[in-house]
Amino acid sequence: NLALKNFSYSYLKKSETIDDLPVSMLNSYKFFSAKDKLPNFGYDQGQLLVRFEVQNTGTQNDWILRLGNPHLRNLRVYELNDGALLELFRTGVDEPFISRPIAFRDFWLPLKIEPEKTKTFFVICQTAQWLGLIPYLSTPSAAQDIQNREWGLQLLGFGGIAFILLYNLFINIVTGK
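Residues numbered from 1 in each chain as written. Predicted model: local features only at pLDDT ≥ 70, side-chain atom pairs only at ≥ 80, totals over all residues. Heavy atoms only, no water.

Draft legend 1. Structural view of helix H1 (residues 140–175). Helix length check: H1 (36 residues) gives 52 Å between terminal C-alpha atoms against 52 Å at 1.5 Å per residue, within 8%. Trailing H1 by a residue or two, glycine 176 shows a phi angle of about 70 degrees, which is positive. (Helix = DSSP H or I, 4+ residues; strand = E, 2+ residues; numbered from the N terminus. Expected span 1.5 Å × (residues − 1).)

Draft legend 2. Representation of the nonpolar core in the model. Counting 22 residues, the largest nonpolar core has Val50, Phe52, Leu67, Leu75, Val123 and Leu133 as its most contacted members. Listed by contribution, the elements that provide at least two residues to this core are strand E1 (2–12), strand E4 (47–56), strand E5 (62–67), strand E6 (73–81), strand E8 (107–112) and strand E9 (118–126). Per element, the largest residue contribution to this core is four residues, and it comes from E4. Discounting chain neighbours no more than four positions away, the residues touching leucine 75 are Leu67, Phe89, Arg90, Thr91, Gly92, Phe107, Leu109, Val123, Ile124 and Cys125. (Core = buried A, V, L, I, M, F, W, Y, C linked by side-chain atoms within 4.5 Å. Buried < 20%, exposed > 50% of the residue type's maximum accessible area, 1.4 Å probe, protein only. Contact = heavy atoms within 4.5 Å.)

Draft legend 3. Expanded view of the sheet that holds E1. The six strands are arranged E2-E1-E4-E9-E6-E7 in an open sheet whose pairing can be described as antiparallel. A single partner strand is all that each edge strand has here, and the edge strands are strand E2 (32–33) and strand E7 (84–91). (Pairing = 2+ DSSP bridges.)

Draft legend 4. Here's a closer look at the packing of aromatic side chains. On inspection of all chains with the given rule, the structure shows three aromatic pairs. Each ring, one from phenylalanine 163 and one from tyrosine 167, has its centre 6.3 Å from the other, and the planes form 20 degrees; the classification is stacked. Taken together, the positions of phenylalanine 163 and tyrosine 167, both in helix H1 and four residues apart, correspond to about one turn of that helix. In this structure phenylalanine 163 comes out as exposed when scored by relative accessible area, which is 58%. Geometry around tryptophan 108 places arginine 66 over its ring, the cationic atom sitting 6.0 Å from the centre. (Phe/Tyr/Trp six-rings, centres within 6.5 Å; stacked < 30°, edge-to-face > 60°. Lys NZ or Arg CZ within 6 Å of the ring centre and 35° of its normal.)

Rendered as structure tokens:
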């Protein structure tokens, strides 16, 4: 069980690149609350900064941060640890696929949040597509269940297409047309 304490975002213009961003200055940017509305900047090449603070009220240590935008470039994830920022991940669509800690089409990033602890994370990303972020936090088993359901639905869809093709082939053979 996780409690979302703070979920907010900020925006950097295209002229400010992630590499130029002083990571130590992340807390000084003006962040806007995103608890009620997810950040969406349309089609923009700027950068999105997201800050979220979560409290683990359960007993699970391992969590998966799932980002529902597969077109993210220059994706960086930081953890605020004793006042210092620790870079956890550096990945994105421009990076080799092996840079993803979990090989999946979307970005699934493992996070450690000890029970009864609160942690703050920062996500910085850029894209040449839709600049929005749909984050989900789930346990590894729940993430696997979601993946299995998606594969099951894809299998049903492809099975339906195969059935239609075979049916049409059968009709074509029987009618001779």
